[in-house]
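Listed here are the chains, written in short residue letters.
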Amino acid sequence: MTNISLVKNELLKIFNGDSDSIADFEGYIEAAVACVYSSLNDTDYENDPRIIHLCAVKALNQIALTRQQDDGITSFKAGDISFSKDMSSATIAKELLKNAYDDCRDLLKSKTFAFKAV
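Presented here is a report on the structure given in the accompanying data block.

1. Topic: the overall build of the protein chain
Okay, so step 1: For the protein chain, the helix and strand inventory stands at five helices and two strands.
Okay, so step 2: For the protein chain, the N- to C-terminal ordering of α and β elements is α-α-α-α-β-β-α.
Okay, so step 3: Looking at the protein chain alone, contacts between residues at least 24 apart form 67% of all its contacts between residues at least 6 apart.
Okay, so step 4: A total accessible area of about 7900 Å² is found for the protein chain, and carbon and sulfur atoms account for 53% of it.

This is how it looks when you write it as structure tokens:
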């Protein structure tokens, strides 16, 4: 299994925080590690720096989505009843996750389906 403490350290670098700031998100980290580990082609690469980064970014994406769900409302207008939400952290986390998956493409099982013969 991928070393969770390595993932936490990577998440702290990305998150720009301290260990107390991610303590509430242990479940997200463990779920991200389990998900990525189950997708590995070869478990010899379970602690590859790209896999560690992917696990951290996957956890960060879930954290960003959770925080966005809390409210995320940045403005509200009562006259015409309009409001807006700040999507920046979730959007950035989603882009980081996409890039991390792209970087690990050769280490992960393909999820595509193709007919070999009919």
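That covers the picture; the talk isn't over yet.
2. As for the packing of aromatic side chains
Okay, so step 1: Tallied over the entire structure, the rule returns one aromatic pair.
Okay, so step 2: Here the aromatic rings of Phe25 and Tyr28 are separated by 5.9 Å at their centres, their planes lie at 25 degrees, and the arrangement is stacked.
Okay, so step 3: Classification of Phe25 by relative accessible area gives buried; the value is 11%.

3. A short note on helix H1 (residues 4-15)
Okay, so step 1: For H1, which comprises 12 residues, the first-to-last C-alpha distance of 16 Å matches the rise-based estimate of 16 Å (1.5 Å per residue) to within 8%.
Okay, so step 2: Within the span of H1, buried status applies to Val7, Glu10, Leu11, Leu12 and Phe15.
Okay, so step 3: Following H1 by one or two positions, Asn16 has its phi on the positive side, about 55 degrees.

4. With respect to the side chain of Ser39
Okay, so step 1: Locating Ser39 in the fold gives a position in the loop between helix H3 (26-38) and helix H4 (49-70).
Okay, so step 2: Look at Ser39 and you get buried, because its relative accessible area is 13%.
Okay, so step 3: Ignoring sequence-local partners within four residues, the contact set of Ser39 consists of Leu107, Leu108, Lys109 and Lys111.

About the cut-offs
Residues numbered from 1 in each chain as written. Predicted model: local features only at pLDDT ≥ 70, side-chain atom pairs only at ≥ 80, totals over all residues. Heavy atoms only, no water. Helix = DSSP H or I, 4+ residues; strand = E, 2+ residues; numbered from the N terminus. Contact = heavy atoms within 4.5 Å. Areas by Shrake-Rupley, 256 points an atom, 1.4 Å probe, with all protein chains shown as cover. Phe/Tyr/Trp six-rings, centres within 6.5 Å; stacked < 30°, edge-to-face > 60°. Buried < 20%, exposed > 50% of the residue type's maximum accessible area, 1.4 Å probe, protein only. Expected span 1.5 Å × (residues − 1).

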